[in-house]
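In case you want the letters, here they are:
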Amino acid sequence: MSTPFTYIPAQDPLFGVVDVELDHEGGCLVVDGERVARVEVRRAAGTSVESHVPIGTRDPDRLAMTVDGAEVPLRPAKGFLTRKSYRVDVGAYRLVPDSLDGSRLLRDGALLGVFSSSGDGRVSVEWKGEPGADDAAVGYALAAAFGTGAEPMWKLTLDALLELWP
């Protein structure tokens, strides 16, 4: 079994130190801190690992997520031609790319903050709303598990077309 990679904890402006442990090979992510809920995202054993997804897959049938020990439905979209196709939904939450490197965290459609993570477990956030401890924990977990940001639609479309070219 591989050892989790522990990164320099994020120093959140509202919630203090937030620890993020991401084990890409083992398919496990843990977010924890003194003032945030504990969140775990796990990839099912035997799942084919996609190197461009920090948790290793976007297949909702191969992923499980808990917030403070309670299982929650995790629904990452497939990700293809639009930024919105890279969204990840968890209950009332949605993390959706809005730029090349950032993603908005929404709760019931209201903007809470903009997250950045290059997929290496390091996460930063600029809060826009009035988030609670669960909001912060879910945002950090989704940003670390799936990365943030996406290419614009024209670039994603061009890349897809070029892959079809013989």
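Residues numbered from 1 in each chain as written. Predicted model: local features only at pLDDT ≥ 70, side-chain atom pairs only at ≥ 80, totals over all residues. Heavy atoms only, no water.

1. Looking at the overall build of the protein chain
Within the protein chain, the secondary structure is distributed over two helices and 13 strands. In the protein chain, buried positions account for 45% of the 166 residues. Pairs at least 24 apart in sequence give 42% of the contacts found in the protein chain among residues at least 6 apart. Put simply, the protein chain shows about 8,800 Å² of open surface, and 54% of that area lies on carbon and sulfur atoms. (Helix = DSSP H or I, 4+ residues; strand = E, 2+ residues; numbered from the N terminus. Buried < 20%, exposed > 50% of the residue type's maximum accessible area, 1.4 Å probe, protein only. Contact = heavy atoms within 4.5 Å. Areas by Shrake-Rupley, 256 points an atom, 1.4 Å probe, with all protein chains shown as cover.)

2. Considerations on the pairing of strand β11 (residues 102-107)
Bridge count between strand β10 (residues 93-97) and β11: five bridges; the pairing is antiparallel. When the sheet's bridge partners are listed, Pro 97 is paired in β11 with Ser 103. Where β10 folds back on β11, the antiparallel hairpin that results is connected by four residues. Alignment of β11 against strand β12 (residues 110-116), held across six bridges, turns out to be antiparallel. Bridge pairing links Ser 103 to Phe 115 in β12. The turn joining β11 and β12, which pair antiparallel and follow one another in sequence, is formed by two residues; a positive phi near 50 degrees is taken by Asp 108. (Pairing = 2+ DSSP bridges.)

All we've got here are geometric facts, nothing functional implied.
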